[in-house]
Amino acid sequence: MEVILTFLVAVVLFNYVHEFGHLLAAKLTGMPIPTMQVGVGPALARKTSRGGTEFVFGLLPVAAMQSDERVFREFPAFRRLLVASAGPGSNFLATFLLLAVAYIGFNTPSAAVVAAVDGDGRAYQAGMRAGDRIVAVDGSSAETWPDVGLRMVDFVGDTDNLALEVQRDGERLQFGFDVSEWQSDVAQVDAFGYLGIRPDASSGARASLFGGVAAAAWDTVRMFWSTAMSGFKMVFGSMSVLNFGGGLQLTQLGLDGGELGVGDYLKLLALFSLGFGLINLLPGPIVDGLAMLTAAGEWLSGKRLPVAVENVLQPVGYVLAFGPIPLCIIHEVIRINS
């Protein structure tokens with residue numbers, strides 16, 4: 001229930017971050033914005049700024065920037081690109097800032113130490129034991145649970161062999177697992193549950209200012225890339241729709257859903273912010289991807305995008321915006337909370 005409530009709060013919070021990112025970019029580029037909905041539904045109050053934007057404070061906490069579509073289309077392509085991309089960009093910036101605060105003020109991700117191994121599980125049968133520290137996945141370094149989680153997510157739909165390298169009493173051991181079941185016909189992949197291992201939920205030490213900022217930047221990029229690649233796998237059929245989640249999978253942080261501290265909540269919010277930004281990169285009519293794609297194409301070509309091309313992109317955007325992606329996000333929240 002805690003994660004569900006956090007998700008609902010995050011939807012409201014990052015909607016405001018997103019829309020005010022658009023508004024700031026519009027003001028900086030000189031684009032006129034007639035109305036900014038600070039809330040929707042019955043209007044409780046109205047206030048017009050010196051810049052001519054009317055702020056409408058509605059009953060329901062949903063933000064929405066309302067521009068004149070004709071004015072927006074006539075605006076220079078590069079400025080339209082900046083305004084359209086400022087929303088998702090604000091969400092990605094929020095992801096980075098939340099992770100940085102979590103790492104510097106609270107704790108870094110914990111080392112990938114296995115707390116327990118299911119006696120009937122695949123890991124135990126292969127020879128892994130509690131206390132083993134995972135240091136590499138398929139030959140790539142993986143020192144923390146986020147590292148391990150991201151590496152494992154990358155395997156879904158890609159391969160039928162997973163190699164884990166662990167450190168035990170100063171010795172490095174190799175274990176191999178057949179993960180052919182992690183393919184597109186599987187309704188759900190719980191990587192740690194499949195192997196029968198449970199992460200150590202203890203937290204790492206606080207990071208230095210520079211170390212925390214660097215780690216937050218790197219993790220933001222990694223989670224963005226992992227989630228985007230998972231989306232491509234889903235589109236091309238090598239990953240089940242219900243396995244799409246990438247950055248929204250709590251196992252990437254190695255968190256115990258029942259024992260979340262302040263730093264852990266900040267990391268969870270960072271994941272939700274990343275997901276909110278990624279959804280808005282889709283080329284849909286109610287998200288930003290279509291406007292970004294159109295503006296980028298016109299800016300690079302120096303020509304107005306043909307109406308026929310827009311007519312093709314819009315239905316594709318509708319399918320993506322209202323199709324599997326929201327269902328995947330809901331599925332992730334349910335799985336995290338279960």
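These figures come from a predicted structure and were not determined experimentally. (Residues numbered from 1 in each chain as written. Predicted model: local features only at pLDDT ≥ 70, side-chain atom pairs only at ≥ 80, totals over all residues. Heavy atoms only, no water.)

1. Some details on the overall build of the protein
Now for step 1: The secondary structure content of the protein amounts to 11 helices and 10 strands.
Now for step 2: Taking all 338 residues of the protein together, 48% fall into the buried category.
Now for step 3: Within the protein, contacts between residues at least 6 apart in sequence are counted, and of these 67% link residues at least 24 apart.
Now for step 4: Of the roughly 16,100 Å² that the protein leaves accessible, carbon and sulfur atoms contribute 63%. (Helix = DSSP H or I, 4+ residues; strand = E, 2+ residues; numbered from the N terminus. Buried < 20%, exposed > 50% of the residue type's maximum accessible area, 1.4 Å probe, protein only. Contact = heavy atoms within 4.5 Å. Areas by Shrake-Rupley, 256 points an atom, 1.4 Å probe, with all protein chains shown as cover.)

2. Overview of the environment of Ser67
Now for step 1: One can find Ser67 in the loop between strand S4 (64-66) and helix H2 (69-74).
Now for step 2: Placed 35 residues apart in sequence, Ser67 and Pro32 show a C-alpha to C-alpha distance of 7.3 Å.
Now for step 3: What Ser67 contacts, discounting residues up to four positions off in sequence, is Ile33, Pro34 and Phe72.

3. A few points about the nonpolar core
Now for step 1: Met128, Ile134, Val148, Leu164, Phe177, Leu195 and Ile197 are the most contacted members of the largest nonpolar core, which has 23 residues in total.
Now for step 2: Listing elements by their share of this core, those giving two or more residues are strand S5 (114-117), strand S6 (133-137), helix H5 (145-155), strand S8 (161-168), strand S9 (171-178) and helix H6 (191-195).
Now for step 3: When residues in this core are grouped by element, the largest group, 4 residues, is from H6.
Now for step 4: Each residue touching Leu164, except ones within four places of it in the same chain, is listed here: Met128, Ile134, Ala136, Val137, Met152, Leu173, Gln174, Phe175, Phe177 and Leu195.
Now for step 5: Grouped together as the second largest cluster of nonpolar side chains are 22 residues, Phe14, Leu99, Ala102 and Leu278 included. (Core = buried A, V, L, I, M, F, W, Y, C linked by side-chain atoms within 4.5 Å.)

4. A few points about the sheet that holds strand S1 (residues 35-37)
Now for step 1: What the 4 strands build is an open sheet, ordered S2-S3-S1-S4; its pairing is mixed. Strands with a single pairing partner mark the edges of an open sheet, and in this sheet they are strand S2 (40-48) and S4. Ignoring which end each strand starts from, the neighbouring axes of this sheet average 20 degrees apart.
Now for step 2: Sheet analysis places S2 next to strand S3 (residues 54-60), joined by 6 bridges and oriented antiparallel. Residue Lys47 lies in a different strand from S3, and its bridge partner there is Phe55. (Pairing = 2+ DSSP bridges. Axes fitted to C-alpha atoms, helices over the stretch in contact; angles between N-to-C directions.)

5. Side note on the environment of Ala214
Now for step 1: Its location among the elements puts Ala214 in helix H7 (residues 209-235).
Now for step 2: Since its relative accessible area comes to 37%, Ala214 is described here as partly exposed.
Now for step 3: Taking C-alpha positions, Ala214 is 8.2 Å from Ala100, a pair spaced 114 residues apart along the chain.

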